[in-house]
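Chain by chain, the residues run as shown.
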Amino acid sequence: MDLRDIKGIGERQADKILSNFNNEEEFIEAVQNFEVDRISNIEGVSQKKAINIINALLGNPTEEFLKTDHAVQIYNDIIERILKFSSTNYSRNRVLLMNPLKNEVSIMEHVDFVMNAKDFVSKLPVDEIRMLLKKINSLEESKPKYNPSNAILVETMEDYNQLMELGLNNYCPIITGDELENPEDFEFIVYVYNQGLIEIDSENVAMVTSNADKFEIIPDMILLYYRKNYDIIQNTLKIKQILGRKSVLGDVIETLDSLESHELDEIIFDESVEEAKKEADNKLKTAIKKVDLKGDEVLDLLNEGMPKKLQQIFDDVMNEAKNQVRVKTGCSFDPFIQKYPIEIDNKELERVKKQEMAKKYVRSFEENVKAAKTLSNMKNIVENEIHEILLFDYEFTLGCFAHFYNLNPPEIGNGFSFKEGIHLKLALDTSKDMQRIDYTLESPNNVVLLTGANSGGKTTLLETIAQICIMSQMGLPICASNARVKLVDEVYFFSKKRSLDAGAFESFLSTFMPIVIRETDKLILLDELEAITELEASVKIISSFMDFIGDSNSLAIIVTHMAREILKLSDVRVDGIEAKGLDENYNLIVDRTPRMDYFARSTPELILRKMYEKSDPKLKNIYRQVLEKF
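Residues numbered from 1 in each chain as written. Predicted model: local features only at pLDDT ≥ 70, side-chain atom pairs only at ≥ 80, totals over all residues. Heavy atoms only, no water.

Enquirer: Explain helix 24 (residues 604-614) to me, using residue names and the numbers behind them.
Expert: Among the residues making up helix 24, those that are buried are Leu-606, Leu-608 and Tyr-612. Angularly, the buried residues of helix 24 cover 160° about the axis, an arc narrow enough to put them on a single face. (Buried < 20%, exposed > 50% of the residue type's maximum accessible area, 1.4 Å probe, protein only. Helix = DSSP H or I, 4+ residues; strand = E, 2+ residues; numbered from the N terminus. Arc of directions from axis to C-beta.)

Right, here's the structure in full:
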């Protein structure tokens, strides 16, 4: 199917969608890779529409398979239960794209895939992995971070225009030599040179040849991408380590963690100098008190300045202070003025801080370029590893679903037959009262009536059969110990309805009766449709419908309380779910596995007995009088 042929996609929107891809082949590849997010990120395309587009282009036939609202509800319930185990957007989108198929090979391949995932999940720390998966998503491109305190210096306007075309102006200003008045107007300058025509006497400059890669001029073009996705990479690495899979992501994390900030910690300089000054003042005060000056030394102090004894003390103390600053800052300089108390030479301190900052910028730049080169070569590998774990989440999601619901593979064959089946809504209930059921529906008894007590489980049985059918054709194991499943083209599930007026009844017939002339294999489940119109008419409609379906390859179960009346007009198998009595709490005791060829009683007297026992004395008398008539 062409994108323009999809319902709800006009020519204009189709062109807009395709314009977000380099070519149509890339768009088709995105569809085949189930890239719902990429398509739904296009303006005007919702997630639902993106899923519809992919379904239509891949030929997934959900709408053709699920023919009634109740059948769709059962399918949606299956999807919602699976989604509860999903952690990433990718996995959720893949689950939403799961559709019933009729290709036996494809179905069983996917069943095997899910069963292998179930076995794998049973050996994993599920909670830990789910917690990590919730922090993983597709990698995102980073936006340029503009820094006006840095600059790129070029020699010619030709070089200027070339870097502008590369988009490097999104990271910092690009200037020519004529515009550079004072290099110290910028914290850091990258000089992209051809011939080295510009002479710069400053330590805040790094030189790069004009034929260098973009990231050698602006390493943040690579590094910002990795920093933005750091948590995703780190959590992916943890999962791969749990799974025992090889990974380069540890090298990525190590490379990123090794990069130092180019910012200078000026506080270390200020605090080191201040601390050294205080200690030097104390040492000078103590040492000078011990000095004994002779007469000629006092005269020297008056005539020539500092006596040798005092000068030696100052020299020793200040050298010690400078050494203390060097140890703490890693920089050798003299920030002190010889006085008592000692004064700090703030101009020298600021000069050194600016000088060291420039040096650190250059060192950091060189390290960043080296890291960017390494990481740029790893980008495809990293993206593949992240995608691998997103794919794993889809596998993990289905494996958890199969594991916790204890699903088992179906066998493809004729008819429906299963043992120890249970409805999904009951499968996680560990109560001892929970009963699994066995049932068979196959030729020649491909159409049956199902009778039995109210609240006995007839509707639940129909929904369980629908679940087994739909899950099997979705390529999923099913909620039974074993099962044989017939592949069908369509599933119909008609729920209980209130009486319909003439117009609504006509509308119902126009939907219901054409089923018999559709040349497809169908599973038809009818739940107490006798209320659709007068009882006599309902009996005639249902019996006629059964005769038509009985002569086809389709399968049908009809829940009814009018089996006796229908059997007067049709000869079909009748199965029954019967209540055996009431327990000590006056709840129905029901064997929920249907008995084949058995006409079960609806046992209204048991319901009346239950109400009689639980009612107050006045109402109990009313129920007693009714019970006397049974």
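Enquirer: Describe the state of the cysteines, with residues and values.
Expert: Across all of its chains, the model carries zero disulfides by this definition. With no disulfide of its own, Cys-400 lies 16 Å from the sulfur of Cys-479, the closest cysteine sulfur. Classification of Cys-400 as buried rests on a relative accessible area of 0%. Its sulfur unpaired, Cys-479 is 15 Å from the next cysteine sulfur, which belongs to Cys-469. On the accessibility criterion, Cys-479 (3% relative accessible area) is buried. (Disulfide = S-S within 2.5 Å.)

Enquirer: Hey, could you go over the packing of aromatic side chains for me, with residue numbers and the actual values?
Expert: Enumeration over the complete set of coordinates arrives at 15 aromatic pairs. Ring centres of Phe-21 and Phe-27 lie 5.3 Å apart, and the angle between their planes is 70°; this geometry places the pair in the edge-to-face category. The interplanar angle of 10° and the centroid separation of 5.4 Å between the aromatic rings of Phe-188 and Tyr-361 together place this pair among those described as stacked. Separated by 173 residues along the polypeptide, Phe-188 in strand 3 (residues 188-193) and Tyr-361 in helix 18 (residues 346-404) bring together distant segments of the chain. Note on accessibility: Phe-188 and Tyr-361 belong to one class, buried. Chaining the aromatic ring pairs together yields one cluster made of Phe-85, Phe-401, Phe-404 and Tyr-405. The ring of Tyr-394 carries Arg-94 above its face, with NZ or CZ at 4.2 Å from the centroid. (Phe/Tyr/Trp six-rings, centres within 6.5 Å; stacked < 30°, edge-to-face > 60°. Lys NZ or Arg CZ within 6 Å of the ring centre and 35° of its normal.)

Enquirer: Kindly report on a nonpolar patch on the surface, identifying the contributing residues and their values.
Expert: Side chains of Leu-619, Ile-622 and Val-626 sit close together on the surface and give an oily, nonpolar patch of about 230 Å² of accessible area. As for its placement among the helices and strands, Ile-622 is situated in helix 25 (residues 617-627). For Ile-622, a relative accessible area of 46% corresponds to the partly exposed category. (Patch = residues over 30% accessible without salt bridge, like charges linked within 9 Å, V, L, I, M, F, W, Y side chains within 5 Å. Areas by Shrake-Rupley, 256 points an atom, 1.4 Å probe, with all protein chains shown as cover. Salt bridge = Lys/Arg side-chain N within 4 Å of Asp/Glu carboxyl O.)

Enquirer: Explain the packing of helix 9 (residues 126-133) against helix 18 residue by residue, including any values.
Expert: Close contact between helix 9 and helix 18 brings their axes to 12 Å; oriented N to C, the two are set at 140°. Regarding the angle of helix 9 to helix 18, the classification is oblique. As for the relative orientation of helix 9 and helix 18, their crossing is left-handed in sense. Taken together, the residues of helix 18 that come into contact with helix 9 (itself represented by Val-126, Ile-129, Arg-130 and Leu-133) are Ile-389, Phe-392, Asp-393, Phe-396, Cys-400 and Phe-404. Among the residues forming the contact of helix 9 with helix 18, the class breakdown is eight nonpolar, no polar and two charged. (Axes fitted to C-alpha atoms, helices over the stretch in contact; angles between N-to-C directions. Parallel < 35°, antiparallel > 145°, perpendicular 65-115°, else oblique. Left-handed = near helix turned anticlockwise from the far one by under 90°. Contact = heavy atoms within 4.5 Å. Nonpolar A, V, L, I, M, F, W, Y, C, P; charged D, E, K, R; others polar.)

In short, the description is geometric, and any link to function would need to be established separately.
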